[in-house]
Amino acid sequence: MWTVIYIAPTARVADMIKSKLTEEGFLVECRPIKMSKQQFEILVPSGELEEVQEVLNLILHP
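Heads up: these notes are all about the structure in this document. These numbers were taken from a predicted model, which means no experiment stands behind them. (Residues numbered from 1 in each chain as written. Predicted model: local features only at pLDDT ≥ 70, side-chain atom pairs only at ≥ 80, totals over all residues. Heavy atoms only, no water.)

1. What about the overall build of the chain?
And then number 1: Scanning the chain from terminus to terminus reveals two helices and three strands.
And then number 2: Helices (α) and strands (β) of the chain occur, in sequence order from the N terminus, as β-α-β-β-α.
And then number 3: Scaling as 2.2 N^0.38, a compact globule of 62 residues should have a C-alpha radius of gyration of about 11 Å, and the chain matches this with 11 Å.
And then number 4: The dimensions of the chain, computed from C-alpha atoms along their principal axes, are 30 × 30 × 15 Å.
And then number 5: Burial statistics for the chain: of 62 residues in total, 31% are counted as buried.
And then number 6: The long-range fraction of contacts in the chain, counting pairs at least 24 apart against all pairs at least 6 apart in sequence, stands at 66%.
And then number 7: Carbon and sulfur atoms make up 54% of the accessible area of the chain, which amounts to about 4,500 Å² in all.
And then number 8: Distance from the positive charge centre (6 side chains) to the negative charge centre (9 side chains) of the chain: 14 Å. (Helix = DSSP H or I, 4+ residues; strand = E, 2+ residues; numbered from the N terminus. Rg over C-alpha atoms; globule rule 2.2 N^0.38 Å. Buried < 20%, exposed > 50% of the residue type's maximum accessible area, 1.4 Å probe, protein only. Contact = heavy atoms within 4.5 Å. Areas by Shrake-Rupley, 256 points an atom, 1.4 Å probe, with all protein chains shown as cover. Lys, Arg positive; Asp, Glu negative; His and termini not counted. Charge placed at Lys NZ, Arg CZ, Asp CG, Glu CD.)

Put into structure tokens, the structure is as follows:
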């Protein structure tokens, strides 16, 4: 099951986060939010949620 871990404000930010998480070895999906043309959901498998949150924190707050 996939879980939304972050809402990216732009496609560029979504791609950057997806790339960095993928480099760390995580499975990552990105999908646009239907109500907003600008925002994108970043999804990861629920089993990896805690590990991904730690890495995401480092990406967003270096």
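2. Points about the side chain of Glu-41
And then number 1: In this fold, Glu-41 is placed in strand β3 (residues 40-45).
And then number 2: Looking at Glu-41, its side chain comes within polar contact range of the side chain of Arg-31, at 2.6 Å.
And then number 3: With residues up to four places along the chain from it excluded, the contact list for Glu-41 reads Val-4, Tyr-6, Ile-7, Glu-29, Cys-30, Arg-31 and Ile-33. (Polar contact = N/O pair within 3.5 Å; in protein donor to acceptor, adjacent residues only side chain to side chain.)

3. Regarding helix α1 (residues 11-23)
And then number 1: When the terminal C-alpha atoms of α1 are compared, their 18 Å separation across 13 residues agrees well with the 18 Å that a helix rising 1.5 Å per residue should span.
And then number 2: Listed as buried for α1 are Ala-14, Ile-17 and Leu-21. Here the buried residues of α1 occupy an arc of 70° about the axis, which is enough to place them on one side. In α1, those exposed residues whose orientation departs by more than 90 degrees from the buried face are Arg-12 and Glu-23. (Expected span 1.5 Å × (residues − 1). Arc of directions from axis to C-beta.)

Just geometry here; none of it tells us what the structure is for.
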